[in-house]
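Examination of the molecular architecture
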Amino acid sequence: MSEWWTYRPGDFLMFAPATYWRLFELHNATWWPAPPLLLLAGLAWTGWLAWTARHAPFARAAPGSSTPPAGAPWLRLGAAGAAAAWAFVATAFLLHRYAPINWAASAFAAGFLVQAAGLATLAALPGLALAPHGRRRSVGLLLCAWAVVGQPLLAVATGRPWAQAEVFGLAPDPTAIATLGLLLWTSTTWRPARWLPTALAILPVTWCAISAATLWTMGSAQGWVPAAAVLVAAWAAWGRRPA
Amino acid sequence: MRQPYDGERCSDAGSCPCEQVIQVPRPAAPAAAARAAAAQPAALRPRAAAAVAGPVRPSRRRWLAAGSAAAALSAAAASASAASRALAGAPATRPIPSSGEALPVVGLGTWITFNVGNDPAARDACAEVVRAFFADGGRVIDSSPMYGSSQPTIGHALAGLGHPPALFSAEKVWTSDLARGTAQMEASRAYWGVQRFDLMQVHNLVGWEVQLPRLLEMKAAGRLRYVGITTSEGRRPAEIEQVMRTQPIDFVQVSYNLLDREIEQHILPLAQERGIAVLANRPFREGALLRALARHRLPAWAAEIDCDGWAQVALKFIVSHPAVTCAIPATRRVAHLRQNMGAARGRMPDPALRAQMAAEVAAL
C-alpha cells in the first residue's frame, strides 16, 4: 500500500455500525434457541467456577499422583466447550455473516479454527489442573461471568435491541473473553505442555485487540470492554504467585 | 425500523451512516405559513399569498389597479412556474468530454452504505434507494470490488427494477495482477447482472501500468464504454497527473468537497485541458462534514441557489465547478437520496458565490 501513513483506522472500516450490530441480530435469529441455551450452559459452568473458588481454593493433584486432580473433568469440559465455540464462531459467524461485509474476516476465521484446535488439544491433555493462584481464579471467574452475563447486557445498555445481544459461543467477543477466563484457571502438570495454556491466550488477546480497534473506529465506547478484558487478564496472569 | 425525528442525525436512527440531518416535513401553523409566504422572494411566492382583496364593486381606478396587479402577478406566476419547473424537472447534466454523452451531475456512491452483507431487510432498503434514484433522474452508480457486499446489493436492486436502461455503471478493478483483474471484473459484472460496464476504473491506481492497457483494449473491443482511474483523499497526486497527461483515459475519480479542494490547483484544470470527465467522491467526507455543518444555521445565500439543507449546499459547490462531471454521494435513506438529487436542480452558485461558500464553511 503506497502512502500508508496517510491512512487512518477509519479508512479501513468498510461497513456502517448499524450493519455490524445487525449481524448479531440475524445470527441470533438464525440459531434460535441457541442463545438462551448457551446462556444457561455458561451460567452452569461459571457457577461451578464460583463454587470451586469458594470450596476448593487450591485443589491440585500432587506431582506424580495417579489420582486426577480435583476439578480436572470440569476444566476438560470447559476447554472442549470453548473449542467447539471457537469453531462454531469461525464458520457460522465470521465466514457466513462477517466476511461478506469485511474481507479480513476470512483470515480471522482461520485464526479461530487454529484456536479451536488448540483448545481441543488442551481438553485432551494429561495433567490438566486448576491454577493455584488466587488472583488468577478471581479474575478468571470475573471474565467468565462477564462473558456469559455482562456482554449480552451491553446491547440494551448501549441502546440497541435485545435481539442484537452478543452471546458466548455465538459471538466472537464473549467467546474470546470467556476463553481468557478459562485459561487463567487452567494449568498442567505435564511438563512438555506447560506452555500451552499461555500460548492459547495469544489468539484471544489478538482478537480482543482487533475487536477493540473496530469498535473504537465505529465510534463505540464498547471497544473498552475487550481492551479491559486483556489488561485485567494480563494483570492476573503476571501477578505474584503464591509461595 | 423506527422513524427518525426532525433534526436527528441519520446515524442516530441506526440505519444509515451518511450522518445527514433529517428534516421531517411538518405542517406549518397558519401564522407561520403566512410569515413564510411573506418572506419568500416575489418570484417564488405562491399565488394564494399574493391574492388581492378588494371591495365588492370596485371603482374604474381600482379596476385599472387591479388589472396592473393581475399582470404583475401573472408575470410573477410565470416566473415562479419556471422556477418550480427547474426544481421539479430533469436533473442538470454535464457532457462526458470524450463523447459528449450527458450525465446527471449527481450520482450514487455505494462505499459503506450498500455493504450490508446477507441482510435481506437492508438489501431491500438499498433497493428502494436505487428505485428512488432512477425515479429522480439519476444514472451513475459507482462501486468497487473493495466495497464488500455492495456489488451484490446493487445487483439485487437492479434485478428488482428490471435493469433500468438509464443506468450508467461505474466499476473498478482493484488488483495489480492482470489475470486476477480479469476474473475480478467478470465477478463484478455477474454481481451487477449487466452485459458490460459503462465505465471501468483502476481503483486507487493499483497496478495501473498493467491494468490500463487491458482496459483500453476492452474499450476498443466494445466490452467497455469508458476507462478511468481513481484515488481518494488527495493521495498520489503526482501519479494521477502523470496518468492524466500520458494515458487516453475518459474519467478520473478524485475526492472533492467544500474543505478538500487541493485538486482545484492542478487536477481539475488538467482534466479540463485534457478533456477528462471528473467523478467527485467523498462529497461529505463520509458524513463528517455534514455532522460539523449541522450545528450551524443554513446561510441566507443557500436560498439563492435553491438549497434546503447543507447536503445540497455541499453538492452544489462540487457540481458547479466547470470541470466536475458528477458527484457521487452515498446514502441508504430515500429521504437523503432525494435531498441529494435536489442538488442537481435549481440555480447553481456562480464563481463568486462558490468562493464565498468555501470561505464561510472553512471558517465555521
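Residues numbered from 1 in each chain as written. Chains lettered and ligands numbered in written order. Predicted model: local features only at pLDDT ≥ 70, side-chain atom pairs only at ≥ 80, totals over all residues. Heavy atoms only, no water.

1. Topic: the overall build of chain B
Quick note on the threshold: By definition, any uninterrupted DSSP run of H or I lasting at least four residues is a helix, any uninterrupted run of E lasting at least two residues is a strand, and each is numbered from the N terminus. The buried label goes to any residue with under 20% of its type's maximum accessible area, the exposed label to any with over 50%, and the partly exposed label to all in between, with areas taken from a 1.4 Å probe on protein chains only. In what follows, a contact means two residues having at least one pair of non-hydrogen atoms within 4.5 Å.
Helix and strand content of chain B: 13 helices and nine strands. Residues counted as buried form 49% of the 364 residues belonging to chain B. Taking all contacts inside chain B whose residues are at least 6 apart in sequence as the whole, residues at least 24 apart take part in 74%.

2. Some remarks on a nonpolar patch on the surface
Basically, it comes down to this: Each patch is assembled from residues with relative accessible area greater than 30% and no salt bridge, linking like charges that lie within 9 Å and nonpolar side chains (Val, Leu, Ile, Met, Phe, Trp, Tyr) that lie within 5 Å. Only the protein chains shown count as cover for residues, with accessible areas throughout obtained via the Shrake-Rupley method and a probe of 1.4 Å. Each salt bridge in this description consists of a side-chain nitrogen of Lys or Arg and a carboxyl oxygen of Asp or Glu lying within 4 Å of one another.
Side chains of L37, L39, L40, L43, V149, L153, V156 and W162 of chain A sit close together on the surface and give an oily, nonpolar patch of about 730 Å² of accessible area. Along the chain, V156 of chain A turns up in helix α5 (residues 134-157).

3. Observations concerning the environment of F168 of chain B
All names here are of chain B. By secondary structure assignment, the location of F168 is in strand β4 (residues 168-173). The exposure class assigned to F168 is buried, which follows from its relative accessible area of 0%. C-alpha separation for the pair F168 and L290, spaced 122 residues apart in sequence, amounts to 27 Å. The contact partners of F168, leaving out residues within four places of it in the chain, are I96, E101, L103, R139, V140, I141, D198, L199, R225, Y226 and F251.

4. As for the sheet that holds strand β6 (residues 224-230) of chain B
Residues and elements named next belong to chain B. Selection rule: Whether two strands pair depends on DSSP finding at least two bridges between them. Here the axes come from fitting lines to C-alpha atoms, over the contacting stretch only for helices, and the angles between their N-to-C directions go from 0 to 180 degrees.
Taken in spatial order, the seven strands of this open sheet run β3-β4-β5-β6-β7-β8-β9, and their pairing is parallel. Where the open sheet ends on each side, the last strands, each with one partner, are β3 (140-142) and β9 (326-327). With two bridges connecting them, strand β8 (residues 277-281) and β9 associate as parallel partners. Note that in β9 the partner of L279 across the bridge is C326. Lying on the sheet, helix α5 (residues 178-192) is in contact with β3, β4 and β5 (197-202); it crosses β4 at an angle near 150°.

5. A look at helix α11 (residues 310-319) of chain B
Across the 10 residues of α11 of chain B, 10 count as buried, placing the element largely inside the fold. Turning to α11 of chain B, its buried residues number three or more, namely W310, A311, Q312, V313, A314, L315, K316, F317, I318 and V319 of chain B.

6. What to know about the interface of chain A and chain B
Spelled out, the test is: When two components associate, each loses some accessible surface as probed by a 1.4 Å sphere; the sum of these losses over both components is called the buried area. Think of a polar contact as two N or O atoms within 3.5 Å of one another; within protein, one of them needs to be a possible hydrogen donor and the other a possible acceptor, and neighboring residues in sequence only count if both atoms come from side chains.
Between chain A and chain B, the residue contacts involve 19 residues of the former and 22 residues of the latter. Regarding the contact of chain A and chain B, the summed buried area is about 1,700 Å², with carbon and sulfur atoms giving 46% of it. Counting every contact that joins chain A to chain B gives one salt bridge. Here chain A is connected to chain B by seven residue pairs in polar contact (both at pLDDT 80 or more). Of all the elements, helix α1 (residues 17-30) of chain A adds the most residues to the side of chain A that touches chain B, at four residues.

7. Side note on the pattern of salt bridges
According to the stated counting rule, one finds 16 salt bridges over all chains in the structure shown. Note that E25 of chain A and R22 of chain A form a salt bridge whose closest N and O atoms lie 3.4 Å from each other. One end of the pair is E25 of chain A and the other is R22 of chain A, both in helix α1 and three residues apart, which spans about a single turn. The exposure class of E25 of chain A is partly exposed, given its relative accessible area of 21%. The salt bridge partner of R225 of chain B is E101 of chain B, with a shortest N-O separation of 2.5 Å. Placement of R225 of chain B in strand β6 and of E101 of chain B in the loop between β1 (93-95) and β2 (102-104) is noted, with a sequence separation of 124 residues between them. Take R225 of chain B: its relative accessible area is 25%, and that puts it in the partly exposed class.

8. Notes on the state of the cysteines
Linking two cysteines covalently through their sulfur atoms gives a disulfide. The cut-off we apply is this: Cysteine sulfur atoms are paired as a disulfide whenever they come within 2.5 Å of each other.
What the rule picks out here adds up to zero disulfides over all chains. The structure places no disulfide on C326 of chain B, whose sulfur is separated from the nearest cysteine sulfur, that of C307 of chain B, by 17 Å.

9. Some details on the nonpolar core
Using the following cut-off: For the purposes of this section, nonpolar cores are sets of buried Ala, Val, Leu, Ile, Met, Phe, Trp, Tyr and Cys residues that join through side-chain atoms within 4.5 Å.
Among the nonpolar cores identified, the biggest contains 76 residues, and I141, L215, I229 and M244 of chain B are the most heavily contacted of them. When neighbours within four sequence positions are excluded, L215 of chain B is seen to be in contact with V173, M185, M200, Q201, V202, L224 and V227 of chain B. Counting residues in each nonpolar core, the second largest holds 67 residues, with L13, F112, A116 and A176 of chain A among its members.

10. Thoughts on the confidence of the model for chain B
Residue and element names in this part refer to chain B. Operational definition: Looking at any residue, its pLDDT shows the predictor's confidence there, from 0 to 100.
Put simply, chain B has an average pLDDT of 82, and 76% of its residues get 70 or more. Contacts from residues 75-83, a stretch scored under 50 in pLDDT, to residues over four places away or in other chains number seven contacts. Under the prediction, the complex receives an ipTM of 0.87, its pTM being 0.82.

11. Quick notes on the packing of aromatic side chains
Our working definition: Note on aromatic contacts: the rings of Phe and Tyr and the six-membered ring of Trp form a pair at centre separations within 6.5 Å, being stacked when their planes are under 30 degrees apart, edge-to-face when over 60 apart, and tilted otherwise. Charge over a ring is defined by NZ of Lys or CZ of Arg lying within 6 Å of the ring centre and within 35 degrees of the ring normal.
Considering all chains together, one arrives at 24 aromatic pairs over all chains under this definition. Arranged with centres 5.7 Å apart and planes meeting at 35°, the rings of F168 of chain B and Y226 of chain B form a pair that is tilted. Note that F168 of chain B is positioned in strand β4 and Y226 of chain B in strand β6, a separation of 58 residues in sequence. An aromatic cluster of at least three residues, connected via ring pairs, comprises F15, Y20, W21, F24, F93 and Y98 of chain A. Note that R135 of chain A overlies the ring of W235 of chain A, its terminal NZ or CZ placed 4.1 Å from the centroid. Across from the ring centre of F317 of chain B, 4.2 Å away, lies the NZ or CZ of R354 of chain B, which sits over that ring.

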